[in-house]
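Observations on the model geometry
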Amino acid sequence: MKIFTIVLSVIALGLIVFNFTQVNLDAPFDGDSIVAVITIVASLCVIMMMAILRTSKRIEQKVKGRK
């Protein structure tokens, strides 16, 4: 599970970098730029969800270790 979350986070980071190059900074909410902005936001959400998943798995392991 740890490798899966890391791989998914790296892919999301790659999408952020790629889509940032696609954004027209003069008009970020016009045409193809809005698609790139939406993809950047979605990739950031994926990174946050993977961080939450890793944290919850770590907590779950610590709780199981106490019993």
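Since the model is a prediction, treat every value here as computed from it, not as a measurement.

Tallied over the entire structure, the rule returns two salt bridges. Here Lys57 and Glu60 are joined by a salt bridge, their closest N and O atoms 3.7 Å apart. Residue Lys57 and its partner Glu60 are located together in helix 2 (residues 32-66), separated by three residues, close to a single helical turn. Note on Glu60: relative accessible area 35%, which makes it partly exposed.

Attention now moves to the packing of helix 1 (residues 2-22) against helix 2. Running from amino to carboxyl end, helix 1 crosses helix 2 at an angle of 160 degrees, the nearest separation of the two axes being 9 Å. Taken together, helix 1 and helix 2 sit at an angle that is classed as roughly antiparallel. Read as a crossing pair, helix 1 and helix 2 show a hand that is left-handed. Contact residues: Thr5, Ile6, Leu8, Ser9, Ala12, Leu13, Leu15, Ile16, Asn19, Phe20 and Gln22 in helix 1; Ser33, Ala36, Thr39, Ile40, Ser43, Leu44, Val46, Ile47, Met50, Leu53 and Arg54 in helix 2. Each residue belonging to the contact of helix 1 with helix 2 can be placed in one class, and the counts come to 14 nonpolar, seven polar and one charged.

Here is what the cut-offs are and how they apply
Residues numbered from 1 in each chain as written. Predicted model: local features only at pLDDT ≥ 70, side-chain atom pairs only at ≥ 80, totals over all residues. Heavy atoms only, no water. Salt bridge = Lys/Arg side-chain N within 4 Å of Asp/Glu carboxyl O. Helix = DSSP H or I, 4+ residues; strand = E, 2+ residues; numbered from the N terminus. Buried < 20%, exposed > 50% of the residue type's maximum accessible area, 1.4 Å probe, protein only. Axes fitted to C-alpha atoms, helices over the stretch in contact; angles between N-to-C directions. Parallel < 35°, antiparallel > 145°, perpendicular 65-115°, else oblique. Left-handed = near helix turned anticlockwise from the far one by under 90°. Contact = heavy atoms within 4.5 Å. Nonpolar A, V, L, I, M, F, W, Y, C, P; charged D, E, K, R; others polar.

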